[in-house]
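Residue-level structural notes
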Amino acid sequence: MIEIRSVKNNKQLRQFVQFYYDLYRGNEYAVPYLYSDEMATLRSDKNPSFECCESAYFLAYREGKVVGRVAAIINYRANKRWDCNQVRFGWFDFIDDIEVSTALLKAVENWGRERGMTEIAGPLGFIDTDREGMLIEGFDQLSTMYINYNYPYYQQHMERMSGFNKDNDYVELKVKVPEKVPDKFAKITELVRSRYGLRVHKFTRHELIKEGYGKQVFDLLNATYKDLYGFSQLSERQIDKLINDYIKIADLNLVTAIMDGDRMVGFGITFPSFSRALQKTRDGRVFPFGWWHLLKILKWHKTPIVDLLLIGVLPEYRNKGANALIFDDLIRWFQRYGFEWAETGPQMETNEGVLSQWQYLDAIQHRRHRCYRKIL
């Protein structure tokens, strides 16, 4: 018999986080998420997303042992933006038992109904920079710290449950770093510079943190991502956290801005891949020895893979070739650092404008994630 218990204290929250590491220990493709990041994201006193979100966490037990987990989340800002009453499910992991997965989602549905929600969707996080979607293709591909990895049986469970249907698919691509910048990018870059006066700018840490350019990056993200699936605008506090989590530690050679005069119109943020380093940690913990593996990646780029974390260009500049400027600059830095492959983040399968930019590179789609939706 399955028992569902609500997480009420930090001890239970630690069990909630720990379950993922236990379920995927030894899997050669899964990547342990940073334990401290997981705990901070799920705590209302640590995560600024709780200014617009409400959540509950549930654990499934059988004979006193944890066999599954799920988070129930309501993002009221996103619901207002998309004119819906939606409860999200995320952090959804379970053993291969349909009784367990069904009981967990029923707990989310009931919690949502009690708060007036009329639909359930997921896997989704609090905001768009959290992990989204259930892996349905690419189980034999090394994952990243920014996306969900799960066993193939997850999809089979979703398809057996009544009422759940595909709501959105994301695809990800693996891109070969070329030995030289493709001629197409080089030609567009020269044209853009001469015709429109756009230019590449490489930030200093002082500019990003003290002069407000870091905030401008995420203001631009708000503008460029506003129509994407489930997106909710980032607040000042959320932006401050993203600056602290990413901008403060980024290798600024791997961050590119496109400027039109003094106005930022596009950006690209990339990081060396931490996937193999995280697999060497003890369940995503930095101490006692995990920090060394992460430091080798952060400081010395001891990895053949670079993650394309965030890329955004204002709509009115996309047809002017601003994207080509970003790639022209980043490819040159990827070559200098010896990266062999770039991993894109999730991109909506319907976003033809974004997907078309990879046609000039040696790119293959190697993963797909799916969000499901059900009317309550």
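Structural notes, computed from the coordinates. (Residues numbered from 1 in each chain as written. Predicted model: local features only at pLDDT ≥ 70, side-chain atom pairs only at ≥ 80, totals over all residues. Heavy atoms only, no water.)

**A look at helix α5 (residues 153-160)**
- Turning to α5, its buried residues are Tyr153, Tyr154, Gln155, His157 and Met158.
- Structurally, α5 contributes buried residues whose contacts are with α1 (10-24), β4 (86-94), α4 (98-114), β6 (134-137) and β14 (363-375). (Buried < 20%, exposed > 50% of the residue type's maximum accessible area, 1.4 Å probe, protein only. Helix = DSSP H or I, 4+ residues; strand = E, 2+ residues; numbered from the N terminus. Contact = heavy atoms within 4.5 Å.)

**What to know about the pattern of salt bridges**
- Applying the stated criterion across every chain yields a total of 35 salt bridges.
- Glu54 is the salt-bridge partner of Arg115, the closest N and O atoms lying 2.9 Å from each other. Separated by 61 residues along the polypeptide, Arg115 in the loop between α4 and β5 (119-122) and Glu54 in strand β2 (residues 53-62) bring together distant segments of the chain.
- Under the relative-accessibility criterion, Arg115 is labelled partly exposed at 32%.
- The shortest N-O distance in the salt bridge between Arg368 and Glu137 comes to 3.4 Å. Here Arg368, found in strand β14, pairs with Glu137, found in strand β6; they are 231 residues apart in sequence, far enough to count as distant.
- With relative accessibility at 14%, the residue Arg368 sits in the buried group.
- With a relative accessible area of 36%, Glu137 lands in the partly exposed category. (Salt bridge = Lys/Arg side-chain N within 4 Å of Asp/Glu carboxyl O.)

**Focus: the packing of aromatic side chains**
- What the rule picks out here adds up to 29 aromatic pairs.
- Between Phe203 and Tyr213, the aromatic rings sit 5.4 Å apart at their centres with planes inclined by 45 degrees, giving tilted as the arrangement. Of the two residues, Phe203 sits in the loop between β8 (198-201) and α7 (205-209) while Tyr213 sits in helix α8 (residues 213-225), which places them ten residues apart along the sequence.
- A cation sits over an aromatic face here: Arg5 above Tyr61, 3.8 Å from the ring centre.
- The cationic tip of Arg69 hangs over the ring face of Phe16; the distance from NZ or CZ to the ring centre is 5.1 Å. (Phe/Tyr/Trp six-rings, centres within 6.5 Å; stacked < 30°, edge-to-face > 60°. Lys NZ or Arg CZ within 6 Å of the ring centre and 35° of its normal.)

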